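Summary of the model geometry
What follows is each chain in one-letter form.
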Amino acid sequence: MENIENIKEFDGWLSRYRHLSSTCNCTMTFSVYLPPKAEFESVPAVYWLSGLTCSDDNFRSKAGAQRYAAELGLALIIPDTSPRGDGVADDEDRYDLGQGAGFYVDATADPWAEHYQMYSYVTRELTALVENSFPVLAGARAISGHSMGGHGALICALKNPGMYCSVSAFAPIANPVACPWGEGCFSAYLGEDRDSWRAYDATCLIESGARPGPLLVDQGSADGFLTEQLRPQNLQAACDARGIDMQLRMRDGYDHSYYFIASFIGEHLAYHARYLR
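1. What about the overall build of the chain?
Counting its secondary structure elements, the chain contains 10 helices and nine strands. Against the globule reference of 19 Å for 277 residues, the chain gives a C-alpha radius of gyration of 17 Å, in line with a compact fold. For the chain, the spread of C-alpha atoms along the principal axes amounts to about 50 × 45 × 35 Å. Expressed as a percentage of its 277 residues, the buried residues of the chain come to 60%. When contacts within the chain are restricted to residue pairs at least 6 apart in sequence, long-range pairs at least 24 apart make up 71% of them. Across the chain, 21 positive and 35 negative side-chain charges occur, with their mean positions spaced 7 Å apart.

Structure (structure tokens):
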């Protein structure tokens, strides 16, 4: 693991690392924010998964999360959204497929399967690397994300009961098997068997019996992707049908941008801090 950047913020440190991933079969990049408390003791960690077209840089530079993490004593773990580099499959004509759009699945179809193993990378390899390399508490994890990353946070928690103490999402792609983004990426990464897609869909997972821990979703009412792509009402209906307590907070006038995330990230981190204690 190579340390490629260190920036002091709010008496803690924001760092960026590069490492050769055996899971994704390429070099991967991620960022870590360690609060000042981590200088003296191990701290809980919140994993943040970003959305389409993003890297680890969007959240760390736009969300304003480090100030809250410093106050709450939380580490922030911020992976990239996909494998990247020469030899990694891509589709230059689409922003929603390929590099920058890993969708947090383990691809099974060519040419994507060689590198696009983001689900296993986030839940297995990155977690082990972080907990072996930084002063974070093993097992004291929460997960959150935005859009494609909100989808990723939900499925990582639903598919791994007990792995995360809490989960939240901003404007998640809540039912990807039933929206153009999900259909386009799942057919490429997973093939045409639509039944196999359900294993990476939060709504379908809940319909099949998965039970999340604490679940918080914020959604902007002025989000241009709300009706066609995100479909939080499907996730809400699935939770209601199974007696699962999901907080879906519709935020009047907010869009899909990082202005929306920056407005409420402090509430999300405080929410996770309660469960991580």
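So that's the structure; there's more coming.
2. Quick notes on the packing of aromatic side chains
Evaluation of the coordinates by the stated rule reveals 17 aromatic pairs. A ring pair is formed by Trp 48 and Phe 59, whose centres lie 4.2 Å apart and whose planes are at 15 degrees; its orientation type is stacked. Remark: Phe 59 occurs in helix 1 (residues 56-62) and Trp 48 occurs in strand 4 (residues 43-49); sequence separation between them is 11 residues. Assigned by exposure class, Trp 48 and Phe 59 land together as buried. Here Tyr 271 and Tyr 275 contribute two aromatic rings whose centre-to-centre distance is 5.3 Å and whose plane-to-plane angle is 65 degrees, an arrangement assigned as edge-to-face. Of this pair, Tyr 271 and Tyr 275 both sit in helix 10 (residues 258-276), four residues apart, roughly one helical turn. Overall, the relative accessible area of 4% leaves Tyr 271 in the buried class. On the basis of relative accessible area, Tyr 275 is assigned to the partly exposed category, the value being 40%. Joined through ring pairs, the aromatic side chains of Trp 48, Phe 59, Phe 170, Tyr 254, Phe 260 and Phe 264 make up one cluster. Taking NZ or CZ as reference, Arg 67 lies 4.4 Å from the ring centre of Tyr 68, over its face.

3. What about helix 4 (residues 148-158)?
Along helix 4, 11 of the 11 residues are buried, which leaves the element largely enclosed by surrounding structure. For helix 4, the set of buried residues is Met 148, Gly 149, Gly 150, His 151, Gly 152, Ala 153, Leu 154, Ile 155, Cys 156, Ala 157 and Leu 158.

4. Things to note about the environment of Lys 62
One can find Lys 62 in helix 1. Separated by 195 residues in sequence, Lys 62 and Ser 257 place their C-alpha atoms 9.8 Å apart. What Lys 62 contacts, discounting residues up to four positions off in sequence, is Tyr 258 and Ala 262.

5. Topic: the nonpolar core
Across soluble globular proteins, you tend to see nonpolar side chains buried next to one another. Membership of the largest hydrophobic core comes to 95 residues, with the highest contact counts inside it found for Phe 59, Leu 76, Phe 103, Ile 143 and Tyr 189. The greatest single-element share of this core, amounting to eight residues, is contributed by helix 10. The contact partners of Phe 59, leaving out residues within four places of it in the chain, are Trp 48, Ser 50, Ala 65, Leu 76, Ile 78, Tyr 258 and Ile 265.

6. Some thoughts on the pattern of salt bridges
On inspection of all chains with the given rule, the structure shows 17 salt bridges. With a closest N to O distance of 3.2 Å, Glu 2 and Arg 18 form a salt bridge. Taken as a pair, Glu 2 in strand 1 (residues 2-9) and Arg 18 in strand 2 (residues 12-21) lie far apart in primary sequence, 16 residues in all. For Arg 18, a relative accessible area of 34% translates into the label partly exposed. Residues Arg 67 and Glu 71 are paired through a salt bridge, measuring 3.7 Å at the closest nitrogen-oxygen approach. Here the residue Arg 67 and the residue Glu 71 both occupy positions in helix 2 (residues 65-72), the gap between them amounting to four residues, near one helical turn. The class for Arg 67 is partly exposed, based on a relative accessible area of 35%.

7. Observations regarding the packing of helix 2 against helix 10
Put simply, helix 2 and helix 10 touch, their axes get as near as 9 Å, and they point 30 degrees apart. The orientation of helix 2 with respect to helix 10, classified from their angle, is roughly parallel. In the crossing of helix 2 with helix 10, the sense of the turn from one axis to the other is right-handed. Every residue of helix 10 that contacts helix 2 at Ala 65, Tyr 68, Ala 69 and Leu 72 is listed here: Ile 265, Gly 266, Leu 269, Ala 270 and Ala 273. Residue composition of the contact of helix 2 with helix 10, by class: eight nonpolar, one polar and no charged.

Rules used in this analysis
- Residues numbered from 1 in each chain as written.
- Predicted model: local features only at pLDDT ≥ 70, side-chain atom pairs only at ≥ 80, totals over all residues.
- Heavy atoms only, no water.
- Helix = DSSP H or I, 4+ residues; strand = E, 2+ residues; numbered from the N terminus.
- Rg over C-alpha atoms; globule rule 2.2 N^0.38 Å.
- Buried < 20%, exposed > 50% of the residue type's maximum accessible area, 1.4 Å probe, protein only.
- Contact = heavy atoms within 4.5 Å.
- Lys, Arg positive; Asp, Glu negative; His and termini not counted.
- Charge placed at Lys NZ, Arg CZ, Asp CG, Glu CD.
- Phe/Tyr/Trp six-rings, centres within 6.5 Å; stacked < 30°, edge-to-face > 60°.
- Lys NZ or Arg CZ within 6 Å of the ring centre and 35° of its normal.
- Core = buried A, V, L, I, M, F, W, Y, C linked by side-chain atoms within 4.5 Å.
- Salt bridge = Lys/Arg side-chain N within 4 Å of Asp/Glu carboxyl O.
- Axes fitted to C-alpha atoms, helices over the stretch in contact; angles between N-to-C directions.
- Parallel < 35°, antiparallel > 145°, perpendicular 65-115°, else oblique.
- Left-handed = near helix turned anticlockwise from the far one by under 90°.
- Nonpolar A, V, L, I, M, F, W, Y, C, P; charged D, E, K, R; others polar.

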